[in-house]
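Working through the structure, step by step
One letter stands for each residue in the lines below.
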Amino acid sequence: MGTKWIRTALAVVALLSAACRTPHRSVAADVDPLGWSGAAELTVPNSDTLARCDLSFFLRFDPRFKDDTLTLHVEVRTPDSLLFAEPFLFCATHARHPAAVFHESAAVYRRRVVFGRSGDYRFSVTPARRVVGVEAVGLYVETK
């Protein structure tokens, strides 16, 4: 009887821990909607060094944001302190969404990325020019 109880408890714990894992994660940072010009820091914690992920940047904005494209300077610092930097052209869509994300646009940044080290990956996102109306910038991480 004791062995059955232990096996049942272990099975329940395994099911609950599997249910808590989701292939979708996101991180976001608030920026100044009156004029975003500084770096927004996004930290993606990583423990899986084998999974492939799709990365998409998103912007949450108010009606003052009218741009169709926005050049972002992206810097990525890996857990072992390597630094990668590049410009990224964000193509914004102004489609209507549900009320909670009424003004949000996402653009694919990288597909099939493998975070090769455990630890925090730090993304620094800076607009190439001052932008009015953007309230937050973030990153969706979708495990494939």
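You'll find the structure just up there.
Since this is a predicted model, take the numbers as computed values, not measurements.

Definitions and limits used
Residues numbered from 1 in each chain as written. Predicted model: local features only at pLDDT ≥ 70, side-chain atom pairs only at ≥ 80, totals over all residues. Heavy atoms only, no water. Pairing = 2+ DSSP bridges. Helix = DSSP H or I, 4+ residues; strand = E, 2+ residues; numbered from the N terminus. Axes fitted to C-alpha atoms, helices over the stretch in contact; angles between N-to-C directions. Salt bridge = Lys/Arg side-chain N within 4 Å of Asp/Glu carboxyl O. Buried < 20%, exposed > 50% of the residue type's maximum accessible area, 1.4 Å probe, protein only. Polar contact = N/O pair within 3.5 Å; in protein donor to acceptor, adjacent residues only side chain to side chain. Contact = heavy atoms within 4.5 Å. Phe/Tyr/Trp six-rings, centres within 6.5 Å; stacked < 30°, edge-to-face > 60°. Lys NZ or Arg CZ within 6 Å of the ring centre and 35° of its normal.

Right, let's get into the sheet that holds strand 5 (residues 83–91). The strand order 2-7-4-5 describes an open sheet built from four strands, whose pairing is antiparallel. With partners counted over all chains shown, the strands left at the sheet margins are strand 2 (40–46) and strand 5, one partner each. Going across the sheet, the axis of each strand differs from the next one's by a mean of 25°, ignoring polarity. The pairing of strand 4 (residues 69–77) with strand 7 (residues 119–127) spans six bridges and is antiparallel. Within the sheet, the bridge partner assigned to E75 lies in strand 7 and is S124.

On to the pattern of salt bridges, then. Going through the model one piece at a time under the given rule, you end up with nine salt bridges. With its nearest N and O atoms 3.4 Å apart, the salt bridge here joins R111 to D54. Placement of the pair is R111 in strand 6 (residues 104–114) and D54 in strand 3 (residues 52–61), with a sequence separation of 57 residues. Members of the salt-bridge network, linked through shared partners, are D54, R111, E142 and K144.

Turning our eyes to something else, we now look at the sheet that holds strand 8 (residues 134–143). One open sheet holds the four strands; their spatial order is 1-8-3-6, and the pairing between them is antiparallel. Two strands in the sheet have a free side with no partner beyond their single neighbour: strand 1 (24–30) and strand 6. Shown here is a sheet whose adjacent strand axes are inclined to one another by a mean of 20°, direction ignored. As paired strands, strand 1 and strand 8 are joined by seven bridges and run antiparallel to one another. Pairing of A29 across the sheet is with V137, part of strand 8.

Glancing now at the side chain of D54. When its relative accessible area of 9% is taken as the criterion, D54 is described as buried. At 3.4 Å, the side chain of D54 forms a polar contact with the side chain of R111. For D54, the side chain forms a polar contact with the main-chain nitrogen of R112, separated by 2.9 Å. Ignoring sequence-local partners within four residues, the contact set of D54 consists of R110, R111, R112, Y140, V141, E142 and K144.

This brings us to the environment of T49. In this structure, T49 sits in the loop between strand 2 and strand 3. In this structure the C-alpha to C-alpha distance between T49 and R117, which are 68 residues apart in sequence, comes to 5.7 Å. In this structure T49 touches V114, F115, G116, R117 and S118, once residues within four positions along its chain are discounted.

To continue, consider the packing of aromatic side chains. Here the structure, examined in full by the defined rule, presents six aromatic pairs. Arranged with centres 4.9 Å apart and planes meeting at 50°, the rings of F61 and F65 form a pair that is tilted. Ring geometry for F88 against Y109: centres 5.3 Å apart, planes inclined by 90°, an arrangement best described as edge-to-face. One end of the pair, F88, is in strand 5; the other, Y109, is in strand 6, and 21 residues separate them in sequence. Both residues of the pair, F88 and Y109, count as buried. A cation over a ring is seen here: R110 above Y109, with NZ or CZ 4.9 Å from the ring centre.

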